[in-house]
Amino acid sequence: MLKTSTRLLRLLSLLQQRRHWTGAELCDRLEVEARTVRRDVERLRELGYPIQASVGVGGGYQLSAGTSLPPLLLDDDEAVAVAVALRSATGSVSRMEDTALGLLGKLDQLMPARLRRRISALYSVTVSLRHDAATPDVDTLTELAGACRDRLLIELEYQDRGGRPSKRTIEPLRLVSSGRRWYLLAWDRSRDDWRLFRADRIGSARCGAGFPPREFPEDVAGYVQRSLSQGMQGEVVHARLRGSAEALAPTLPPWCGVLEHIDEHSSLLHVRAETSEELLALLALTGVEFELVDAGERLPQLRAVAERLLRALG
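Positions within a chain are numbered from 1, following the residues in the order the chain's sequence is written. With pLDDT at 70 or above as the cut-off, local features in this predicted model cover only qualifying residues; side-chain atom pairs require 80 or more to be listed or tallied, and sums for whole chains, interfaces and linings still use all residues. Note: side-chain values were computed over all heavy atoms of the structure, leaving out hydrogens and water.

### Overview of the sheet that holds strand E4 (residues 165-177)
For step 1, the next point in the chain: DSSP-based pairing: two strands are paired if at least 2 bridges between them are found. Each helix is a run of DSSP H or I of at least 4 residues and each strand a run of E of at least 2, with the numbering of both proceeding from the N terminus. Spatially, 5 strands are ordered E6-E5-E4-E3-E7 in an open sheet, and the strand pairing comes out antiparallel. Here the strands that pair on one side only, and so sit at the sheet edges, are strand E6 (193-198) and strand E7 (202-210). The sheet shows a mean angle of 45° between the axes of neighbouring strands, taken without regard to direction.
For step 2, the next point in the chain: In terms of strand pairing, strand E3 (residues 152-159) meets E7 through 6 bridges, oriented antiparallel. The residue of E7 that forms the bridge with Glu 155 is Arg 206.
For step 3, the next point in the chain: What makes two residues a contact is simply this: any of their non-hydrogen atoms within 4.5 Å. Every axis corresponds to a line fitted to the C-alpha atoms, with the helix fit spanning only the stretch in contact, and the corresponding angles, defined between N-to-C directions, vary from 0 to 180 degrees. Sitting on the sheet, helix H7 (residues 138-150) touches E3, E4, strand E5 (182-188) and E7, and the angle it makes with E4 is about 75°.

Structure (structure tokens):
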């Protein structure tokens, strides 16, 4: 039989892995009797872990949220995932770097050597590129996320890309991260339509009363991708790609354009850019064979750029 302290840690780890355990399942995992499980549950409660118990058919134990955050047990893969996520998050959300680095220091101090080697190997060969894009404040993101979850109206001050300020009353739906930037998808009551707001352009946000849920008419990720692509300046070029939209979508960079299904062998990509060089670069980033379907007045310019590239290749 396991020692009491070891058994308590094992029981806590099991309760954190799954929402609900029956008493019989815990007895089987810990190789103890039901009376021992009940005593161990009481010991964990004394340490501040809010464990709920239920009786009857389907009864058992579950770890619920409490008034304070008790110690959290992580397995090897979870600890590595937390460390990598913390390091990645510091560049996309402002005022998180000091907190994230402090937490990384705690993890590094407690991690066994085998995990420290795994993480240090990843860091030693990884270079993070800095960019000038503004990052949203962590307090703003958490307030927006809470409003989305609780369906609360938001009165916000917002600046468009030209720096023009406005006040909006919105019904928030989802926060969307593109990697470098955060966006808020919401129903704009003054525009009577769905709108996409860049989180770093939100000056202030104040939550108000609740609102009834409003059904979004399509896939959120697809809408955001199309909105970001259509927000670029320039003429649209249409290209037929070799490969179905379902097969290409997971690997196609979202900034390349809007992907449209044709059949199981081909798809249509709508690309928008200010210059012919940018258009060809976006098409090349698809990584597959493509055919221009409609280039409009851009075709002579695209041919000139392509010929220049061929000359450079000898």
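### Comments concerning unusual backbone geometry
For step 1, the next point in the chain: The phi dihedral of Glu 31 falls on the positive side, at around 60°, and the residue is not glycine.
For step 2, the next point in the chain: Structurally, Glu 31 can be placed in the loop between helix H2 (23-30) and helix H3 (34-46).
For step 3, the next point in the chain: Between buried and exposed lies partly exposed: a residue is buried under 20% and exposed over 50% of the maximum accessible area for its type, with that area taken using a 1.4 Å probe on protein chains only. Assessed through its relative accessible area of 67%, Glu 31 is described here as exposed.
For step 4, the next point in the chain: Of note in the backbone geometry, Asp 192 takes a positive phi value of approximately 55° without being a glycine.
For step 5, the next point in the chain: Locating Asp 192 in the fold gives a position in the loop between E5 and E6.
For step 6, the next point in the chain: When its relative accessible area of 56% is taken as the criterion, Asp 192 is described as exposed.

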